[in-house]
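Results of the structural survey
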Amino acid sequence: MPLSKKPLVIITRKLPDPVEARMAELFDVRLNETDRPMSHAELAEAMQTAEVLVPTVTDRIDAELIGKAGPQLRLIANFGNGVDNIDVKAAHGHGITVTNTPNVLNEDTADMTMALILAVPRRLTEGAAVLTGDDEWAGWSPTWMLGRRISGKRLGIIGLGRIGMAVARRARAFGLSINYHNRHRMAESIEQELDATWWESLDQMLAHMDIVSVNCPSTPATFHLLSARRLELLQPTAYIVNTSRGDVIDEQALIRLIEEGRIAGAGLDVFEDEPSVNPRLRELARKGKVVLSPHMSSATIEGRIEMGEKVIINIRMMADGDRPPDRVLPSMV
């Protein structure tokens, strides 16, 4: 069943101007000019009136909200690749289609992942802070600000999907040995292209890696995948980089092990309780033990506009009575 000719589309956050302008041309759009995240009550009201809701990763669309949605709500077109903010099963049960924006941010996220892989062992932000602090730089010294060489180290990628493969291609150029853990082994052609070694056992891979990159999606199965027990398998010289979702790692355990010197450090773009960042992590950052960035691995102008274009395509296909190309089913999460 198609939507109305100009469906009512409610967008929960401020989107790039070109995206909002195009949506305004095509649909009956209600924008969020302030970019302030909607409250639970405001989301409920939006879902009682909209034919299409366009949420982002900051909007928790749970079963309770979906249960209160009006019968006119036919599509939740998520502005984002991950759908861990949406109860897809509940939406499907209420006849509401959920879509996302896949394959747009692979390169952008891989760029940031590689940046963190370089920044943490080479103490990049710690060194940069010396020149912006209150004390004068004393000058070069043979034993000062020593980090770790990247070339020749073993990189373990958790989740060799599209982003993971993009990370692997970059990492190979820096001389890293590529290792990975997936539930299922990749095709031989992909392993040969990336010169990648599959580890059936995540535990065994972790124990042998110098750097671990988390690139798997957040699902119930990956919640605290890197548990305290698994983190303790890492070598004390190992580093962790996470540009996926914060809840894949037991953050409290990670903090404790870095504080105790049992893990060398971490580069984190995502956090378990976003937007709140654990004060102990901030203190570790001040000490140069971790590099923190505010969930910006996908933050490029080009990427955000391409995400908007995918949202528009999904809405238009639904409005025309066709199946949206980026439909997400419960079996996919």
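This is a predicted model, so every value here is computed, not measured.

Quick word on the sheet that holds strand β12 (residues 290–292)
- The seven strands lie next to each other as β8-β7-β6-β9-β10-β11-β12, forming an open sheet whose pairing is parallel. For this open sheet the edge positions go to β8 (196–198) and β12, each flanked by a neighbour on one side alone. Geometrically, the sheet is characterised by an average inter-axis angle of 20 degrees between neighbouring strands, direction not taken into account.
- Pairing between strand β6 (residues 154–158) and strand β7 (residues 177–181): five bridges, direction parallel. The partner of R154 across the bridge, within β7, is S177.
- Here helix α12 (residues 279–286) sits on the sheet and contacts β11 (265–268) and β12; the angle it forms with β12, its principal contact strand, is near 115 degrees.

Some thoughts on the UniProt feature "domain: D-isomer specific 2-hydroxyacid dehydrogenase NAD-binding" (unreviewed entry) in the protein chain
- Look at the UniProt record and you will see "domain: D-isomer specific 2-hydroxyacid dehydrogenase NAD-binding" (unreviewed entry) annotated at residues 114–297.
- In the segment residues 114–297, helix accounts for 33% and strand for 15%; the C-alpha atoms at its two ends are 10 Å apart.

Comments concerning the UniProt feature "domain: D-isomer specific 2-hydroxyacid dehydrogenase catalytic" (unreviewed entry) in the protein chain
- As annotated in UniProt, the feature "domain: D-isomer specific 2-hydroxyacid dehydrogenase catalytic" (unreviewed entry) corresponds to residues 10–328 in the numbering used here.
- Within residues 10–328, the helical portion is 37% and the strand portion 13%, while the C-alpha atoms at the span's ends are 20 Å from each other.

Some points on the environment of A41
- Mapped onto the fold, A41 is located in helix α2 (residues 40–49).
- Of the residues examined, A41 reaches a relative accessible area of 54% and is grouped as exposed.

Looking at the pairing of strand β10 (residues 239–242)
- Every second residue of β10 is oriented toward a common face, with Y239 and V241 on one face and I240 and N242 on the other, all of them buried.
- In this structure, strand β9 (residues 211–214) lies alongside β10, joined through four bridges in parallel fashion. Bridged to S213 within β10 is V241.
- The sheet contact formed by β10 and β11 spans four bridges and is parallel. From the neighbouring strand, Y239 faces β11, where its bridge partner is G265.
- The parallel pair β10 and β11, bridged by helix α11 (residues 251–259), forms a crossover whose chirality is right-handed.

Considering the domain arrangement of the protein chain
- Taken as a whole, the protein chain is organised into domain 1 (8–100 + 300–328) and domain 2 (105–292).
- Taken over C-alpha atoms, the centre of domain 1 sits 32 Å from the centre of domain 2.
- Facing the six residues of domain 1 at the interface are four residues of domain 2.
- Here domain 1 and domain 2 share an interface that buries about 460 Å² over both sides, 53% of which is from carbon and sulfur atoms.
- Per-residue buried area on domain 1 facing domain 2 is highest for N81, D84 and T300; these three make up 62% of the total on that side.
- Between domain 1 and domain 2 we count one salt bridge in total.
- With a shortest N-O distance of 3.3 Å, R245 and D84 are connected by a salt bridge.
- Where domain 1 packs against domain 2, one counts two residue pairs in polar contact (both at pLDDT 80 or more).
- Here the residues of the side of domain 1 that touches domain 2 sort into two nonpolar, three polar and one charged.

What counts, and where the lines are drawn
Residues numbered from 1 in each chain as written. Predicted model: local features only at pLDDT ≥ 70, side-chain atom pairs only at ≥ 80, totals over all residues. Heavy atoms only, no water. Pairing = 2+ DSSP bridges. Helix = DSSP H or I, 4+ residues; strand = E, 2+ residues; numbered from the N terminus. Axes fitted to C-alpha atoms, helices over the stretch in contact; angles between N-to-C directions. Contact = heavy atoms within 4.5 Å. UniProt positions renumbered as here; feature names shortened; annotations may be inferred. Buried < 20%, exposed > 50% of the residue type's maximum accessible area, 1.4 Å probe, protein only. Right-handed = clockwise from strand over helix to strand, strands pointing away. Domains from an automatic or database assignment. Buried area = accessible area lost by both parts, 1.4 Å probe. Salt bridge = Lys/Arg side-chain N within 4 Å of Asp/Glu carboxyl O. Polar contact = N/O pair within 3.5 Å; in protein donor to acceptor, adjacent residues only side chain to side chain. Nonpolar A, V, L, I, M, F, W, Y, C, P; charged D, E, K, R; others polar.

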